[in-house]
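One letter stands for each residue in the lines below.
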Amino acid sequence: MQSTPKQQGNPVSVPSTPIPFGGNLAALLKRVGAKTETIVQPGRIEIRVGNPIAPIQPAQPIDPADAPPHPSLQRCTEPSDYWEPDYADFLFHRWDVCRSVKGVREVGPRGTGKTQAAQVYAARRGKWFLPVNVHGNMTADSLIGYSRLDLQGQGGDYFQPGPLTIAAQYDAVLLLDEFNRATPDVQAIVNALTDGVNNGFFNPYTMRFMRWDNPRIILTMNEGYSGCRNMDQALLDRFAPVKCDYLPPERESAIIIGRTGCSAPIVDTMVRCANSIRAANKGDGGTIPLDFDLSPRPLIECAERVVAGQSVDRAWLESVIWRAGMDTMLEPIIALSRSVGGYAV
């Protein structure tokens, strides 16, 4: 007589009425350690409880010879000319000691090194790096993962993990770029992950609660741009703020000279003129407020054009002024370029 396979785990019944994410269901799954399949029946949801879910163990520093275990993961190296900005003190030297801080939010204009600081943090900690460009149409599925049809296999469907699931699986540094574009659903997931109670997130497709006790999540926010949403204050309180700004003029000049080989007098003038435009963008010094961030990238391009034989005036016009894009901005930028930089534009 053939024996019937023994059923694993004990059933736990909970009401089948909708339960908001991060509420009773997530707390129950964490408490009982649910990890196997869920059986839905009229009037109840039956969860088979197996062994408690083990938290993700701290990963060993990645070996430079190792290939990324997932295509989304990146190995970061610290640039030889990287200069640690003052604003990154907490990120590099305090965050790992402050165990209650699950994440850092870098706030500042484009081109102030927010993404590069996150990459350097991952490189120094020996962790994989996973960047995500947040956009206004991103859904919870895009972050956690979703079900896909298996068109090349035996049929059926399978779970396609999203960046949050991948980062938790490999204990990677997760960068959510331009997070102030995130929808309320996406904000709620990150909020539950960092609230110090759930320490993880519930996957509605695999019906499993994934523990991530010590996530390293970095948010970047470009304030004042179109498409930004109101942020949940409770979420913001859980992320240590880091106010990012441009490098000191002498340091920015040194980096541009080192990367392009352009002469110091030309680069110093570029940086001085760029800082006058940045000050106008902030509304400082009584100048006309602008809506134009001038990052170091156009300055590096301008210096490269000069080294390649283009005139300084033409290089500045095409690298910097044309980037403004809007006629309402061109007049004050041109005026500052002429008065501060001496450019014939």
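Our subject is the structure listed above.
Residues numbered from 1 in each chain as written. Predicted model: local features only at pLDDT ≥ 70, side-chain atom pairs only at ≥ 80, totals over all residues. Heavy atoms only, no water.

Let's talk about the environment of Pro131
- Summarising the element assignment, Pro131 is placed in strand 5 (residues 129-133).
- When the C-alpha atoms of Pro131 and Gln74 are compared, they prove to be 8.4 Å apart, with 57 residues separating the residues in sequence.
- If we ignore the near neighbours within four places in the chain, the residues touching Pro131 are Ser72, Gln74 and Leu175. (Helix = DSSP H or I, 4+ residues; strand = E, 2+ residues; numbered from the N terminus. Contact = heavy atoms within 4.5 Å.)

Considering the sheet that holds strand 5
- Spatially, 5-8-11-4-12 is the arrangement adopted by the five strands of the open sheet, whose pairing is parallel. Sheet topology places strand 5 and strand 12 (239-243) at the edges, where each strand pairs with a single neighbour. Across this sheet, the average inter-strand angle for adjacent strands is 20 degrees, counted without regard to direction.
- Two strands pair when backbone bridges link them, and strand 4 (residues 103-107) and strand 12 are joined in this way by five bridges, in the parallel orientation. Along strand 12, the bridge assignment pairs Val107 with Lys243.
- Contacting strand 5 and strand 8 (173-177), helix 5 (residues 163-170) crosses the sheet at an angle of about 165 degrees to strand 5. (Pairing = 2+ DSSP bridges. Axes fitted to C-alpha atoms, helices over the stretch in contact; angles between N-to-C directions.)

Quick look at the packing of helix 8 (residues 249-260) against helix 10 (residues 296-307)
- Contact geometry of helix 8 with helix 10 gives a least axis separation of 10 Å together with a crossing angle of 45 degrees. It follows that helix 8 is oblique to helix 10 by the angle criterion. Considering the relative orientation of helix 8 and helix 10, their crossing is right-handed. For the pair formed by helix 8 and helix 10, the contact residues are Glu252, Ile256, Arg259 and Thr260 on the first element and Pro296, Leu299, Ile300, Ala303, Glu304 and Val307 on the second.
- Broken down by class, the residue content of the contact of helix 8 with helix 10 amounts to six nonpolar, one polar and three charged. (Parallel < 35°, antiparallel > 145°, perpendicular 65-115°, else oblique. Left-handed = near helix turned anticlockwise from the far one by under 90°. Nonpolar A, V, L, I, M, F, W, Y, C, P; charged D, E, K, R; others polar.)

Things to note about the packing of aromatic side chains
- Counted under the stated rule, the structure contains three aromatic pairs.
- With 4.6 Å between their ring centres and 20 degrees between their planes, Trp316 and Tyr343 make a pair best called stacked. Note that Trp316 is positioned in helix 11 (residues 312-324) and Tyr343 in the segment after helix 12 (327-341), a separation of 27 residues in sequence. No difference in accessibility class separates Trp316 from Tyr343, as the two residues are buried.
- Lying across the ring of Phe92, Arg124 places its NZ or CZ 4.4 Å from the centre. (Phe/Tyr/Trp six-rings, centres within 6.5 Å; stacked < 30°, edge-to-face > 60°. Buried < 20%, exposed > 50% of the residue type's maximum accessible area, 1.4 Å probe, protein only. Lys NZ or Arg CZ within 6 Å of the ring centre and 35° of its normal.)

Observations regarding helix 11
- Over its 13 residues, helix 11 runs 18 Å from end to end, which matches the ideal 18 Å to within 8%, given 1.5 Å per residue.
- Roughly 30 degrees is the biggest bend found in helix 11, and it falls at Glu318.
- Taken residue by residue, helix 11 has Ala315, Trp316, Leu317, Glu318, Ser319, Val320, Ile321 and Ala324 as its buried positions. (Expected span 1.5 Å × (residues − 1). Bend = angle between axes of the 7 residues up to and from the residue.)

Notes on helix 3 (residues 114-125)
- An ideal rise of 1.5 Å per residue puts 16 Å on 12 residues; helix 3 measures up with 17 Å between its terminal C-alpha atoms.
- Buried within helix 3 we find Lys114, Ala117, Ala118, Val120, Tyr121 and Ala122.
- Where helix 3 is buried, its residues touch helix 2 (89-94), strand 4, strand 5, strand 8 and strand 11 (216-221).
- Looking at the residues trailing helix 3, positive phi occurs at Gly126, about 65 degrees.

Quick notes on the state of the cysteines
- Within the structure shown, the criterion is met by zero disulfides.
- We note that Cys302 lacks a disulfide partner, and the nearest cysteine sulfur, in Cys262, lies 7.6 Å from it. (Disulfide = S-S within 2.5 Å.)

Comments concerning unusual backbone geometry
- Phi at Asp171 is positive, roughly 50 degrees, even though this residue is not glycine.
- Looking at where Asp171 falls in the secondary structure, it is placed in the loop between helix 5 and strand 8.
- The residue Glu178 is not glycine, and still its phi comes out positive at about 55 degrees.
- Tracing the chain through its elements places Glu178 in the loop between strand 8 and helix 6 (184-193).
- Overall, the relative accessible area of 22% leaves Glu178 in the partly exposed class.

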